[in-house]
Amino acid sequence: MSPIPTLGAQSAAGLLLAIFLAAWAPAPACAAPSTRDPNAHFFQGFLGDLRAELEGARKEGRKGVVLVYEMEECPFCERFHRSVASQVSVQDYYRRHFVVLRMDIRGDATIAGFDGKEVRESEFAARSRVRATPTTVFHALDGREVARFSGLPKDAAEFVALGRFVAEGHYQAGSFAEYKRKAAR
Amino acid sequence: MISFRLVILLVAMAQGAALAADPQPLSLARAVAAAGAAAGPARAPAARVEATRHFYDALVADREYAAANEQVAVTYVAFDRARAKAGAAAATDIAVKDLEVHYARALERRQGVLARQRLSRHALAGTMGAAAMPGELEEPPAPPASGTIRDFDDLVKAMAGRAAPERAAADVARDRAELLRATLDIERLRRAVIPRAEREAELADMKLEKARDDHERGLPSALGAAMAGTAEAGWRRLQAQGELAVALARREALAGPTHP
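If you're wondering where the values come from, they're calculated on a predicted model, not measured in any experiment. (Residues numbered from 1 in each chain as written. Chains lettered and ligands numbered in written order. Predicted model: local features only at pLDDT ≥ 70, side-chain atom pairs only at ≥ 80, totals over all residues.)

On to the overall build of chain B. Looking only at helices and strands, one finds seven helices and one strand in chain B. Considering chain B as a whole, with its 260 residues, one finds that 40% of them fall into the buried category. Relative to all contacts within chain B whose residues are 6 or more apart in sequence, the contacts with residues 24 or more apart total 76%. (Helix = DSSP H or I, 4+ residues; strand = E, 2+ residues; numbered from the N terminus. Buried ≥ 20, exposed ≤ 12 C-beta atoms within 10 Å, placed from the backbone. Contact = placed C-beta atoms within 7 Å.)

Here you go:
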């Protein structure tokens, strides 16, 4: 059996101090985080009036309003938050170009629609023909629906491409699928 | 005098306490470092391999749990719709019962994965010498899916250069067999398993695209099942990457880190 090396009490204490300091030292501020809380950095607070949201978007120079339809206990919505809406690249792009609001397809709050008429949130979702969650619907500054994306995107990059498809006006020339095919060539 | 072994134990305890109290997701690098420190110099290489294995087991279980949860939602919606449509006859309708069985199986699977999540975390904590099970895990970058397959004799020479000269011939032969196994595993994973998992993920993405298109045209679609399919393909790809990471760690433990 090989002998066990020993350290003097003073050097061992020094080593232990270094270990404890290292263990509790704050993480170095090197790389910026790639994810953030989507509730704070992707979705914006909704006060229940979509016309006011359009007005706000217009004043802030944004391209429109994005409604993300979700439902409680929807595992796909959970994945959307975890792998897409939490990504800084998604948050930065969408916050720059759109007002992003979350809608509950079963919500019973009364909201004012783009036409100013009051309606229950669930009824608004039904009239908007939302039949799956998550569904992302883009509205231009006049309230008109200009693009829709049902279900989960493949990844954050595809969701940013979707935002670009709308913000740069490519939706006027064809579908998102066609836009992606052209971009891939 | 404080023994070196005691210092190693205190290092492991300090690191374990820091990990348990840390709200940051645990990275593979930190898990491996903690396992090496907890095991001590002689057992550190094997402990690092074990930590890699348990880390990926836990991470894959997390991702599989999310996929299993999506399957529960998909099977429940199908069952619930059929039950509502059948009305009073639902209890004796074979098609409805069939969908109920699918739902029950999805629940059973999710429960099994939940157990694996806990067991793999328990094993990981044990390897790291941590008192508490780790919480969230950070997904590491995918291990290199390609690399030069080094001549096996070169690896054996590298291994011999690292081994203690008084090592028994039987131990050397066992290490050599393990090195060969790790090398062949790396080759199999890179040439067949990872590409298969990648193609499956691509297929799942294509099916999702098709289902989305059908859904938006108002045609019958299986959007939920297609979304769940991408989650299944995702955890299977991660599992393949984990197997490769473990095989690379096994080879590194035997022959050193200089071989791509």
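A separate point is the overall build of chain A. The number of helices and strands found in chain A is eight helices and seven strands. Within chain A, counting contacts between residues at least 6 apart in sequence, those at least 24 apart form 69% of the total.

Residue and element names in this part refer to chain A. Burial analysis of strand S6 (residues 135-140) places five of its six residues in the buried class, which makes it a mostly covered element. Two elements, strand S2 (residues 64-70) and S6, share six bridges in a ladder whose sense is antiparallel. Bridge pairing in S6 links Leu-67 to Val-137. Note that S6 and strand S7 (residues 145-150) share five bridges and pair antiparallel. Bridge pairing links His-139 to Glu-145 in S7. The loop that links S6 with its antiparallel partner S7 comprises four residues; one of these, Gly-143, has a positive phi angle of about 90°. (Pairing = 2+ DSSP bridges.)

Side chains of a nonpolar character, in soluble globular proteins, are inclined to be buried together. Residues and elements named next belong to chain B. With 97 residues, the main nonpolar core has Ala-31, Ala-35, Phe-55 and Met-128 as its most contacted residues. Top element by residues in this core is helix H7 (residues 223-255). It accounts for 18 residues. Setting aside residues up to four positions removed in sequence, Phe-55 forms contacts with Leu-28, Ala-31, Leu-124 and Leu-137. (Core = buried A, V, L, I, M, F, W, Y, C linked by C-beta atoms within 7 Å.)

Quick look at unusual backbone geometry now. Residues and elements named next belong to chain A. At the junction of Thr-133 and Pro-134, the peptide bond is cis and its omega measures out at -5° in the coordinates. By the secondary structure assignment, Pro-134 is in the loop between helix H6 (121-127) and S6. Within the chain, Glu-73 stands out as a residue other than glycine whose phi angle is a positive 60°. Here Glu-73 is to be found in the loop between S2 and helix H4 (75-85). Unlike most non-glycine residues, Arg-129 shows phi in positive territory, near 60°. Position of Arg-129 relative to the elements: it lies in the loop between H6 and S6. Residue class for Arg-129 comes out partly exposed when judged on the 13 C-beta atoms lying within 10 Å of it.

It is worth spelling out the packing of helix H3 (residues 44-86) of chain B against helix H4 (residues 94-128) of chain B at this point. Residues and elements named next belong to chain B. With their axes 7 Å apart at the nearest point, H3 and H4 run at an angle of 160° to one another. As far as their axial angle goes, H4 and H3 are roughly antiparallel. Handedness of the H3/H4 crossing: left-handed. (Axes fitted to C-alpha atoms, helices over the stretch in contact; angles between N-to-C directions. Parallel < 35°, antiparallel > 145°, perpendicular 65-115°, else oblique. Left-handed = near helix turned anticlockwise from the far one by under 90°.)

A few words now on the confidence of the model for chain A. Chain-level statistics for chain A give a pLDDT mean of 86 and a share of 83% at 70 or above. Confidence drops under pLDDT 50 across residues 1-29 of chain A; counting only partners more than four residues distant or on other chains, this segment forms 26 contacts. (pLDDT = per-residue confidence, 0-100.)

Residue and element names in this part refer to chain A. With mixed pairing, four strands are arranged side by side in an open sheet as S3-S2-S6-S7. What marks the edges here is a single partner per strand, and that holds for strand S3 (98-104) and S7. This sheet shows a mean twist of 20° between the axes of neighbouring strands, independent of strand direction.

Residue and element names in this part refer to chain A. Helix length check: helix H7 (residues 156-167), at 12 residues, gives a terminal C-alpha distance of 16 Å against a target of 16 Å (1.5 Å per residue), a fit within 8%. Turning to H7, its buried residues are Ala-156, Phe-159, Leu-162, Gly-163, Phe-165 and Val-166. In this fold, the buried residues of H7 make contact with H4, helix H5 (88-97), S6, S7 and helix H8 (176-184). Looking one or two places after H7, you find Gly-169, whose phi comes out positive at around 80°. (Expected span 1.5 Å × (residues − 1).)

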